[in-house]
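# Coordinates in review
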Amino acid sequence: KENPGGAGILVMDSNGDLFVGVPLFCDEGQDVAFIAAMKRDEDGKSTPASPQSHLSVFAASDPQMGDRVFTIGFPLVGDLGLEPQYQEGVISRLTGNLIELSMPVLPGNSGGPILLSGTGGLVGIVVARANDEFFMTKHNLVPHGLAWGVTGSVLFEQMRKEMQAWNGVQTAKL
């Protein structure tokens, strides 16, 4: 959410509480950012939001074809409402660093998490959906629920390297 009081990022949780968003990692090429939600006390000191406000990282095991997954995002915000929306599907194929999904996504889902059903562990980030015009011109059909994400392990490795460069500190392997 844009911070109306000045530059920066505001993060709102499901209770409507606002936190200052601090970018930890940004990759414009992948259109992805990891943002830490920080709360500010009366003295202006920032501390991380509650421990329950983070995603568990599911990088120890790579995603597998057939895994049930879901995403939560804000597709076509305004037209479809202002509340987050839940979509679920299946990993239908893994190609290099891409996850092919059988899951309906729309503009507003991109950049959102791909989460493993059952654990909620992060396995990737939604990056694209099938181009209706391309498929209609080439195959005379509109694919439904065809989308792609980038695997979490790729992003975690990029984030680890970037954070090492920023901090000059060795970080733990994710």
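Residues numbered from 1 in each chain as written. Predicted model: local features only at pLDDT ≥ 70, side-chain atom pairs only at ≥ 80, totals over all residues. Heavy atoms only, no water.

## Points about the overall build of the protein
In plain terms, the rule: By the criteria applied, helices consist of DSSP H or I runs no shorter than four residues and strands consist of E runs no shorter than two, each listed in order from the N terminus. Burial status follows relative accessibility: with a 1.4 Å probe on protein chains alone, a residue under 20% of its type maximum counts as buried, one over 50% as exposed, and anything between as partly exposed. Here, two residues are considered to be in contact whenever any of their heavy atoms come within 4.5 Å of each other. Here the Shrake-Rupley method, with its probe set to 1.4 Å, supplies the accessible areas, and only the displayed protein chains count as covering residues.
Check the secondary structure of the protein and you find two helices and ten strands. For the protein, the succession of helices and strands along the chain, N to C, is β-β-β-β-β-β-β-β-β-α-β-α. By the burial criterion, 29% of the 174 residues in the protein qualify as buried. Considering only intrachain contacts with a sequence separation of at least 6, the fraction spanning at least 24 residues in the protein is 46%. For the protein, the accessible area works out to roughly 11000 Å², and carbon and sulfur atoms hold 55% of it.

## Section: the sheet that holds strand β7 (residues 98–102)
The following threshold applies: For two strands to be treated as a pair, DSSP must find at least two bridges joining them. Convention adopted: a line fitted to C-alpha atoms gives each axis, helices being fitted over their contacting stretch, and angles between N-to-C directions are expressed from 0 to 180 degrees.
With respect to topology, six strands assemble into a closed barrel ordered β5-β6-β7-β10-β9-β8, the strand pairing being antiparallel. Strand after strand, the sheet turns through a mean of 45 degrees between neighbouring axes, direction not considered. In terms of strand pairing, strand β6 (residues 85–95) meets β7 through five bridges, oriented antiparallel. Bridged to R93 within β7 is E100.

## Here we look at the packing of aromatic side chains
Convention followed: Note on ring pairs: Phe, Tyr and Trp rings are taken, using the six-membered ring of Trp, and paired if centres are within 6.5 Å. Classes follow the plane angle, with under 30 degrees stacked, over 60 edge-to-face and the rest tilted.
As enumerated under the stated definition, the model contains two aromatic pairs in all. Judged by centre distance (5.2 Å) and plane angle (90 degrees), the rings of F134 and F135 are edge-to-face. Note on F134: relative accessible area 44%, which makes it partly exposed.

## Looking at the pattern of salt bridges
Counted only if it meets this: A pairing counts as a salt bridge when a side-chain nitrogen of Lys or Arg comes within 4 Å of a carboxyl oxygen of Asp or Glu.
Going through the model one piece at a time under the given rule, you end up with two salt bridges. The salt bridge partner of E100 is R93, with a shortest N-O separation of 2.8 Å. Note that R129 and D132 form a salt bridge whose closest N and O atoms lie 3.6 Å from each other. Its relative accessible area of 36% is what places R129 among the partly exposed residues.

## Quick notes on helix α1 (residues 132–139)
Quick note on the threshold: Counted as a polar contact is a pair of N or O atoms within 3.5 Å, where, for protein atoms, one must be capable of donating a hydrogen and the other of accepting one, and residues adjacent in sequence contribute only when both atoms are in side chains.
Where α1 starts, the residue carrying a side-chain oxygen 3.0 Å from the main-chain nitrogen of E133 turns out to be N131. N140 occupies a position one or two residues after α1 and carries a positive phi of about 60 degrees.

## Remarks on the nonpolar core
What counts, and what does not: Residues belong to a common nonpolar core when they are buried Ala, Val, Leu, Ile, Met, Phe, Trp, Tyr or Cys residues joined through side-chain atoms within 4.5 Å.
Residues V69, I91, I99, L101, M103, V105, I114, L116, V123, V126 and A147 constitute the largest nonpolar core, which totals eleven residues. Elements with a minimum of two residues in this core: β7, β8 (113–116) and β9 (122–129). Listed in part, the nine residues of the second largest apolar core include F25, L115, L122 and I125.

## Focus on a nonpolar patch on the surface
Test applied: Residues enter patches when they are more than 30% accessible in relative terms and free of salt bridges; like-charged ones are connected within 9 Å and nonpolar ones (Val, Leu, Ile, Met, Phe, Trp, Tyr) within 5 Å.
On the surface, a nonpolar cluster with roughly 320 Å² of combined accessible area is contributed by F74, V77 and L82. Under the relative-accessibility criterion, L82 is labelled exposed at 64%.

## Regarding the side chain of T71
The topology assignment puts T71 in strand β5 (residues 68–73). For T71, a relative accessible area of 0% gives the class buried. Within the structure, the side chain of T71 is placed 2.6 Å from the backbone oxygen of P113, a separation counted as a polar contact. With residues near it in sequence (within four places) discarded, T71 still touches Q85, Y86, Q87, M103, V105, N109, G112, P113 and V126.

## Describing the confidence of the model for the protein
Under the convention used in this document: Every residue gets a pLDDT, meaning the predictor's confidence in that residue, from 0 to 100.
Across the protein, the average pLDDT comes to 76, with 74% of residues at or above 70. Per-residue pLDDT stays below 50 along residues 1–7; that stretch engages in seven contacts with residues further than four places along the chain or on separate chains. Confidence drops under a pLDDT of 50 for residues 166–174, and excluding neighbours within four residues, the segment shows 15 contacts in the predicted structure.

## Digging into the pairing of β5
For a regular strand, side-chain orientation follows a simple rule: the groups alternate between the two sheet faces. Pairing geometry for β5 and β6, over six bridges, is antiparallel. Pairing of F70 across the sheet is with E88, part of β6. Relative to β8, β5 runs antiparallel, the two being bridged by two bridges. From the neighbouring strand, F70 faces β8, where its bridge partner is L115.

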